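Each chain is listed here by its residues.
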2 protein chains.
Amino acid sequence: MECQDYGLTRDTERKNLNLNPLQRGGVLPVAARKALYEFSDGYSVCDYCVGRLDEISKPEIKGFLDDLASFINTDHARTVHGAREGKFAVMHALCKPGDTIVIDGNAHYTTHVAAERAGLNIVEVPNSEYPDYKINPEGYKEVLDDLTDQGEEVSLVLLTHVDGNYGNLTDSSSIGKIAHNAGVPLLLNCAYSMGRLPIDAKAFNADFVVGSGHKSMAASGPIGVLGLKEEWADILLKKSKRHAVKELEMLGCTSRGAPVATLMASLPFVIERLKNWDNEVQDTRKFVDQMEKIEGVVQLGVKPTEHDLVRFETPVFDEIASKHPRRGFFLYEELKKRNIVGIKRGQTKWFKCSIYGFSKEQKDYIGESFIEIVNKYHEM
Amino acid sequence: MECQDYGLTRDTERKNLNLNPLQRGGVLPVAARKALYEFSDGYSVCDYCVGRLDEISKPEIKGFLDDLASFINTDHARTVHGAREGKFAVMHALCKPGDTIVIDGNAHYTTHVAAERAGLNIVEVPNSEYPDYKINPEGYKEVLDDLTDQGEEVSLVLLTHVDGNYGNLTDSSSIGKIAHNAGVPLLLNCAYSMGRLPIDAKAFNADFVVGSGHKSMAASGPIGVLGLKEEWADILLKKSKRHAVKELEMLGCTSRGAPVATLMASLPFVIERLKNWDNEVQDTRKFVDQMEKIEGVVQLGVKPTEHDLVRFETPVFDEIASKHPRRGFFLYEELKKRNIVGIKRGQTKWFKCSIYGFSKEQKDYIGESFIEIVNKYHEM
């Protein structure tokens, strides 16, 4: 049989400034590119396996997982295939089909899908709606109190540490306390935070944390992190009756290949870059100020922002699009002329973006480019 | 914090002849190494996603999955994280906790673990024991008849196409027919076959097939293939109620990163190498003949072998080890001196190995090296 041409190049995204928030935290440092080269082939990390991925000592996966657990302050850490697979593992191990869980109104779709796959009922804590879309701890208390009043048992509380729509950073510490007061463990989804900003699971009152290597830890996807407190190890890391060393929720082993090598190679880099987090937030705030000088542009979500992912309402670009011969594509095309990509083709009413990890010069250039595009059409 | 040294090199396994059967089918061709370079970063294949990994057209994941489905003759194909994750997805979608499934006595441990994670009862069809360890279709018929007599309902029949202990190739076509006569669908585990030898799911009477990219399809792990017949699509590819395009068992999307790019890049290479399968089997048989000329060495499993994975009883090496100052390590060390790796350190009583994918010269050299080692010590 003949294969189609799959177009396996990524020049545009590799060689231009990519503002897609999904891609900003997953760019590999040199050490991870080297690890990818070393561990390219198949089951490359399994040469010295004696039965369990998390106990392999060449490469030092075991030592790495110890470091990873220290890094996020959990008692145990495992790699999973991504944050969603980590969430499903926790839900599947802790809950029975028909159980109820409480989640935030800004939860990622994969939280809903993982819960649905596990057969769980979801009760949502609403956000504060336009324009902040904030998740308040009191909301969790109200929902949990209501459920208790209704005699409804809750198996798990889930909180999105930083959501993917507004980049709102939530108060895990308070919400964890509320969950614990109700006798329910907290699962914190750190897909947009672990690897960008410091995670301290214990200070955050989180029983479980999940992170995403490809989203925020400078790793090649798919790979995620699952951290947990000792008290949940018997349930979540339960071993097979038949194969005494194999952990059931991990199906024995998870990341059997290159992605874990990149996550390992990137950890020292990630630890180092966290120190720059406050600067990243300051730079993003400066960028927001710059953008908001453009007529009608408004940053949604909590202000000032506490994360690099920002969402803007941009009526000005929509207005230009309505008169432009290329319609909504004009913005993508104008940006691309300036070597900027990552805003979806056709999108002008609003967009999400991130300038995380760029140099000062690049960040300034990106802000100036948006202004230049507006000015170009306003002068016409 | 300071990270440990993770020893992220793989010189020994990359630069020597690696006989580990787990590693033989996962070596990347040049095109896949290039794809790995292009798609190194994070969520690299998701730039042009409009909601589902399997519908992405840049790179052409959608077209690739169509090709993949043709390649294995199924109505649908998806990538999963590996064969085990594919098996779990089928079990989780089709069965309820407490259900009974019938599997072969040579099933991989991940079949047991996936079933245990899904809460299923396993009934095994025994193999023919020493020295063939063969799985006979009649065994499936007996077990299924017995269960019917006991009024026990069976939700799924699973067969290991080629097992990882003896490399026995099973008669899927007959066993699928037996399963269908009992009104039960067949899941065929092709981790050691898909990508090495031709797979025709329909001719094999398989409702579901799973394959392993890192084990047998020249891809960077972790990645697997899940193929299914149209009649099971509603169950296995069921969509979320809340997120209409997201498939529940896939948690929305699976291989969001580099491994799928390598699997895509490798497909034309894999299609081509299948044509050489008969030669690979001939070469393995020749290698077995050569090995069995060594006193006491016996190939276990069906003879002549029908696969490249072979298991030998090697009392002669165990005998040498008993007198050698390095004990069981001598074999590993003697092989390594000859640039051959992949037999576990300390193992001498028996071992599994494969010469799949090596050149004629390399294959001859490997056989001669074992003989040379025996002769060296027998002359002493």
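The rules we used
Residues numbered from 1 in each chain as written. Chains lettered and ligands numbered in written order. Predicted model: local features only at pLDDT ≥ 70, side-chain atom pairs only at ≥ 80, totals over all residues. Heavy atoms only, no water. UniProt positions renumbered as here; feature names shortened; annotations may be inferred. Least-squares fit on C-alpha atoms with pLDDT ≥ 70 in both. Contact = heavy atoms within 4.5 Å. Pairing = 2+ DSSP bridges. Helix = DSSP H or I, 4+ residues; strand = E, 2+ residues; numbered from the N terminus. Polar contact = N/O pair within 3.5 Å; in protein donor to acceptor, adjacent residues only side chain to side chain. Buried < 20%, exposed > 50% of the residue type's maximum accessible area, 1.4 Å probe, protein only. Axes fitted to C-alpha atoms, helices over the stretch in contact; angles between N-to-C directions. Parallel < 35°, antiparallel > 145°, perpendicular 65-115°, else oblique. Left-handed = near helix turned anticlockwise from the far one by under 90°. Nonpolar A, V, L, I, M, F, W, Y, C, P; charged D, E, K, R; others polar. Buried area = accessible area lost by both parts, 1.4 Å probe. Salt bridge = Lys/Arg side-chain N within 4 Å of Asp/Glu carboxyl O.

- An unreviewed UniProt entry annotates chain A as O-phospho-L-seryl-tRNA:Cys-tRNA synthase originating from Methanobacterium spitsbergense.
- The Cofactor (unreviewed entry) comment attached to chain A in UniProt states, word for word, "pyridoxal 5'-phosphate".
- Comment text from UniProt for chain A, heading Sequence similarities (unreviewed entry), reads "Belongs to the SepCysS family."

A word on the relation of the copies chain A and chain B
Step number 1: After a rotation of 180° and a shift along the axis of 0.0 Å, chain A superposes on chain B with an RMSD of 0.0 Å. The relationship between the two copies is best expressed as a two-fold rotation axis.
Step number 2: Both copies present the same face, since 99% of the interface residues in chain A are matched by interface residues at the equivalent positions in chain B.

Quick notes on the pairing of strand 10 (residues 310-313) of chain A
Within a regular strand, the side chains alternate between the two sheet faces.
Residue and element names in this part refer to chain A.
Step number 1: Of the strand pairs in this sheet, strand 9 (residues 298-299) and strand 10 are connected by 2 bridges, and their pairing is antiparallel. Counted as the bridge partner of Gln299 is Phe312 from strand 10.
Step number 2: Where strand 10 meets strand 12 (residues 350-353), 4 bridges bridge the pair, whose relative direction is antiparallel. Across the sheet, Phe312 pairs through a bridge with Phe351, a residue of strand 12.

Thoughts on the side chain of Arg196 of chain A
Residues and elements named next belong to chain A.
Step number 1: When you line up the elements, Arg196 lands in the loop between strand 6 (186-189) and strand 7 (208-212).
Step number 2: A polar atom in the side chain of Arg196 sits 3.2 Å from the backbone oxygen of Lys215.
Step number 3: Ignoring anything within four residues of it in the chain, the contact list for Arg196 reads Pro21, Arg24, Gly25, Lys215, Ser216, Leu274, Trp277, His307, Asp308, Ser354 and Tyr356.

Some thoughts on the UniProt feature "modified residue: N6-(pyridoxal phosphate)lysine" (unreviewed entry) in chain A
Step number 1: When the UniProt feature table is mapped onto this chain, "modified residue: N6-(pyridoxal phosphate)lysine" (unreviewed entry) is found at Lys215 of chain A.
Step number 2: Relative to the assigned elements, Lys215 of chain A resides in helix 9 (residues 213-216).
Step number 3: Look past the residues within four positions of Lys215 of chain A in its chain and what remains in contact with it is Leu22, Gly25, Gly26, His108, Ala191, Tyr192 and Arg196 of chain A together with Tyr43 of chain B.

A short note on helix 6 (residues 109-117) of chain A
Step number 1: Burial analysis of helix 6 of chain A places 8 of its 9 residues in the buried class, the great majority of the element.
Step number 2: Restricting attention to buried positions, one finds in helix 6 of chain A the residues Tyr109, Thr110, Thr111, His112, Val113, Ala114, Ala115 and Arg117 of chain A.

Quick word on unusual backbone geometry
Step number 1: The linkage connecting Lys303 of chain A with the following residue, Pro304 of chain A, adopts the cis geometry, with an omega of -10°.
Step number 2: For Pro304 of chain A, the position within the fold is in the loop between strand 9 and strand 10.
Step number 3: Of the consecutive residues Tyr130 of chain B and Pro131 of chain B, the connecting peptide bond is found in the cis state with omega at 0°.
Step number 4: The residue Pro131 of chain B is located in the loop between strand 4 (121-125) and helix 7 (137-149) in this model.
Step number 5: For Tyr133 of chain A, which is not glycine, the phi dihedral falls at a positive 55°.
Step number 6: One can find Tyr133 of chain A in the loop between strand 4 (121-125) and helix 7 (137-149).

Brief notes about the packing of helix 3 (residues 30-38) of chain B against helix 11 (residues 258-274) of chain B
Residues and elements named next belong to chain B.
Step number 1: At their nearest, the axes of helix 3 and helix 11 sit 8 Å apart, and the two run at 150° to each other. Relative to helix 11, helix 3 is oriented roughly antiparallel. For the crossing formed where helix 3 meets helix 11, the hand is right-handed. Of the residues in helix 11, those touching helix 3 at Ala31, Ala32, Ala35 and Leu36 are Ala258, Ala261, Thr262, Ala265 and Ser266.
Step number 2: Split into classes, the residues belonging to the contact of helix 3 with helix 11 amount to 7 nonpolar, 2 polar and no charged.

What about the environment of Phe329 of chain A?
Residue and element names in this part refer to chain A.
Step number 1: For Phe329, the location among the structural elements is in helix 14 (residues 329-337).
Step number 2: The class for Phe329 is partly exposed, based on a relative accessible area of 34%.
Step number 3: As a C-alpha pair, Phe329 and Arg345 span 16 residues in sequence and 5.6 Å in three-dimensional space.
Step number 4: Filtering out sequence-adjacent residues up to four positions away, Phe329 remains in contact with Arg345 and Gly346.

Brief notes about the interface of chain A and chain B
Step number 1: On the side of chain B, 90 residues touch chain A, which itself brings 91 residues to the contact.
Step number 2: Summed over both sides, the interface of chain A with chain B buries roughly 8,100 Å², with 54% coming from carbon and sulfur.
Step number 3: The interface formed by chain A and chain B contains 60 residue pairs in polar contact (both at pLDDT 80 or more).
Step number 4: For the side of chain A that touches chain B, the secondary structure elements donating two or more residues are helix 1 (11-15), helix 2 (21-24), helix 3 (30-38), helix 4 (61-72), helix 5 (83-94), helix 6, helix 9 and helix 11 (258-274) of chain A.
Step number 5: When residues of the side of chain A that touches chain B are assigned to their parent elements, the largest contribution, 8 residues, is made by helix 11 of chain A.
Step number 6: A breakdown of the residues in the side of chain A that touches chain B according to their chemical character gives 37 nonpolar, 26 polar and 28 charged.

Describing the pattern of salt bridges
Step number 1: Using the criterion set out here, one finds 57 salt bridges over all chains in the structure.
Step number 2: Notably, a salt bridge pairs Glu55 of chain A with Arg52 of chain A, separated by 3.4 Å at the nearest N-O pair.
Step number 3: The exposure class of Glu55 of chain A is partly exposed, given its relative accessible area of 36%.
Step number 4: A residue is classified by how much of its surface remains accessible, and Arg52 of chain A, at 6% relative accessible area, is buried.
Step number 5: Residue Arg52 of chain B pairs with Asp54 of chain B through a salt bridge whose shortest N-O separation is 2.7 Å. Per residue, the accessibility class of Arg52 of chain B equals that of Asp54 of chain B, and both read buried.
Step number 6: Through salt bridges with shared partners, one network takes in Arg52, Asp54, Glu55, Arg78 and Glu247 of chain A.

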